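So you can see what is in the structure, the chains are spelled out below.
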Amino acid sequence: TCDAVDEVFFVGLDSHPSKSIIDSQCTGYGGMISFTVKDPSKDRHYLCDYKMIMFAESLGGVQTLITYPLTQTHASIPKEVRDSIGITDRLLRLSVGIEDKEDIIRDLASVLEA
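Quantities reported herein were computed from a predicted structural model and do not represent experimental measurements.

Describing the sheet that holds strand S1 (residues 5–9)
Thought 1: As summarised here, the arrangement of the five strands in space is S1-S2-S5-S4-S3, forming an open sheet in which the pairing is mixed. Here the strands that pair on one side only, and so sit at the sheet edges, are S1 and strand S3 (54–55).

Following this line, the structure appears as structure tokens:
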């Protein structure tokens, strides 16, 4: 993680509450990662200033994509419900694509650590 990131949600982490279920039922963890940023006022920067990662509505591609659930996938859900399930102005979702992992890490770091 880096200073800009507050919390990471990934089923492959030992701290994830469903990890034992996934371990008993699956052979991998997939490429979907959610995380919260400490400063939501920088959301446009966190979504748009990458060289390789693309800001997208859908996470269904082979390239690494990032989305902002608050105004995209979960915008029609009432605020009280969104808040209760953690869909806040600090949450971002990343669908990891087929690019080289070091390129993805470098691109994320260039934006999140800027």
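What about the environment of Ile98?
Thought 1: Relative to the assigned elements, Ile98 resides in the loop between strand S5 (91–95) and helix H4 (101–112).
Thought 2: For Ile98, a relative accessible area of 69% gives the class exposed.
Thought 3: Each C-alpha atom, one on Ile98 and one on Asp39, is 29 Å from the other, the two residues being 59 residues apart in sequence.

Quick notes on the confidence of the model for the chain
Thought 1: Across the chain, the average pLDDT comes to 92, with 99% of residues at or above 70.
Thought 2: Here helix H2 (residues 43–48) stands out as the element of the chain with the lowest mean pLDDT, 90, in contrast to H4, whose mean of 95 is the highest.

Some thoughts on the nonpolar core
Thought 1: Judged by nonpolar contacts, the single largest core of 18 residues is most densely connected at Phe35, Ile66, Leu92 and Leu112.
Thought 2: Every element with two or more residues in this core is listed here: strand S2 (32–37), H2, S5 and H4.
Thought 3: If one sorts the elements of this core by residue count, H4 sits on top with four residues.
Thought 4: Not counting residues up to four positions away in its chain, the partners in contact with Leu112 are Cys2, Ala4, Val5, Phe35, Val37, Tyr46 and Tyr50.

Here's the deal with the pairing of S5
Thought 1: Taking burial as the measure, the five residues of S5 include four buried ones, the bulk of the element.
Thought 2: In terms of strand pairing, strand S4 (residues 65–67) meets S5 through three bridges, oriented antiparallel. Across the sheet, the residue bridging to Thr67 is Arg93, located in S5.

Digging into the side chain of Ser95
Thought 1: Within the fold, Ser95 resides in strand S5.
Thought 2: Residue class for Ser95 comes out buried when judged on its relative accessible area of 8%.
Thought 3: Apart from the residues within four sequence positions on either side, Ser95 is in contact with Gly31, Met32, Leu59, Gln63, Thr64 and Leu65.

A short note on the pattern of salt bridges
Thought 1: By the definition in use, this model includes five salt bridges.
Thought 2: Note that Asp6 is salt-bridged to Arg90, the shortest N-O span being 3.2 Å. Taken as a pair, Asp6 in strand S1 and Arg90 in the loop between helix H3 (79–84) and S5 lie far apart in primary sequence, 84 residues in all.
Thought 3: On the basis of relative accessibility, which here comes to 42%, the residue Asp6 falls in the partly exposed class.
Thought 4: The shortest N-O distance in the salt bridge between Lys19 and Asp23 comes to 2.8 Å. Pair noted here: Lys19 and Asp23 are both in helix H1 (residues 19–25), with a separation of four residues, about one helical turn.
Thought 5: Within the structure, one salt-bridge network assembled from shared partners comprises Asp14, Lys19 and Asp23.

What counts and how
- Residues numbered from 1 in each chain as written.
- Predicted model: local features only at pLDDT ≥ 70, side-chain atom pairs only at ≥ 80, totals over all residues.
- Heavy atoms only, no water.
- Pairing = 2+ DSSP bridges.
- Helix = DSSP H or I, 4+ residues; strand = E, 2+ residues; numbered from the N terminus.
- Buried < 20%, exposed > 50% of the residue type's maximum accessible area, 1.4 Å probe, protein only.
- pLDDT = per-residue confidence, 0-100.
- Core = buried A, V, L, I, M, F, W, Y, C linked by side-chain atoms within 4.5 Å.
- Contact = heavy atoms within 4.5 Å.
- Salt bridge = Lys/Arg side-chain N within 4 Å of Asp/Glu carboxyl O.

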